[in-house]
Structure formats: C-alpha cells, structure tokens
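# Tertiary structure, described
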Amino acid sequence: MDKQKILASLLALLLLAGGAYFFLDRGYGEVGPQGYAYSKALFMACNQKDKDRLAKISEMVNSDLEQGAVSAQESEWLLGIVKLGLEENWKQASQEVRQLMNDQIRLAE
C-alpha cells in the first residue's frame, strides 16, 4: 500500500472514531431537586414494575415542565425512562434511572 492510501485510511478511521465519540451516550447531565425527586420515584416504580405510578409520574413531570419546575432536558430524560417502563422494558428503565442518579453523584464531586 502506498503512503497516500495509508494516510487516507488513518484519516477515515480518525473521523469515524471522532464521530462515534460525539454521538455515543455520554450519560446524563445535572438535574435539579425536583428532577432528582422524580428519579427516586421512577427508581421505585421501575423496581416494582408499577405502570400506574409511571403514568402518574409522567403527568407530574409534564405539569412541572409547564410550570418551569423542571427543565425541558430533565423532562426529556425522565419521560424517556417512563416510556421504557410503560413499554415493559423494566431492565433498561431501571438501568437508565440508576445511571441518571449515579451521574448526579459524579457531577457533584
């Protein structure tokens, strides 16, 4: 292989790796006190596989979004977890809510 092909291959590999890094899940950002309270409620609801509680949490998050008590980003994260639970993807929902809570600890350090 000549040098140009090697360099082109390396450049393509670097671009691919950079793009993958940019689009990979980097975890959750900081949530406020209300968002964290919802994450604790979600944790319990997912562990108990309680769809009714998830629906109630969803209503409350949407209401708090309208009132400005949670941000649009927090709402997106929380409702994404609710959606997983409502689809009975309990394992992933539990993993996501644990990650959200763990990220709060990491961000506080």
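Residues numbered from 1 in each chain as written. Predicted model: local features only at pLDDT ≥ 70, side-chain atom pairs only at ≥ 80, totals over all residues. Heavy atoms only, no water.

For the chain, the average pLDDT comes to 88, and 85% of its residues sit at 70 or higher. Mean pLDDT per element in the chain: helix α1 (residues 3-23) is the minimum at 64, and helix α3 (residues 51-67) is the maximum at 98. (pLDDT = per-residue confidence, 0-100. Helix = DSSP H or I, 4+ residues; strand = E, 2+ residues; numbered from the N terminus.)

An ideal rise of 1.5 Å per residue puts 24 Å on 17 residues; α3 measures up with 24 Å between its terminal C-alpha atoms. Among the residues of α3, Leu 54, Ile 57, Ser 58, Val 61 and Asp 64 are the ones counted as buried. Each buried residue of α3 lies within a common arc of 135 degrees when the element is viewed along its axis, so the set occupies one face. Summarising the geometry of α3, the exposed residues directed more than 90 degrees from the buried face are Asp 52, Glu 59, Glu 66 and Gln 67. At its buried positions, α3 is contacted by α2 (33-47), α4 (72-86) and α5 (90-108). The opening residue of α3, the one whose side-chain oxygen lies 3.1 Å from the backbone nitrogen of Asp 52, is Asp 50. Trailing α3 by a residue or two, Gly 68 shows a phi angle of about 85 degrees, which is positive. (Expected span 1.5 Å × (residues − 1). Buried < 20%, exposed > 50% of the residue type's maximum accessible area, 1.4 Å probe, protein only. Arc of directions from axis to C-beta. Contact = heavy atoms within 4.5 Å. Polar contact = N/O pair within 3.5 Å; in protein donor to acceptor, adjacent residues only side chain to side chain.)

Now for the pattern of salt bridges. Evaluation of the coordinates by the stated rule reveals 4 salt bridges. Between Lys 51 and Glu 88 there is a salt bridge, with the nearest N and O atoms lying 2.9 Å from each other. Here Glu 88 lies in the loop between α4 and α5 and Lys 51 lies in helix α3, a separation of 37 residues in the sequence. What makes Lys 51 partly exposed here is its relative accessible area of 33%. (Salt bridge = Lys/Arg side-chain N within 4 Å of Asp/Glu carboxyl O.)

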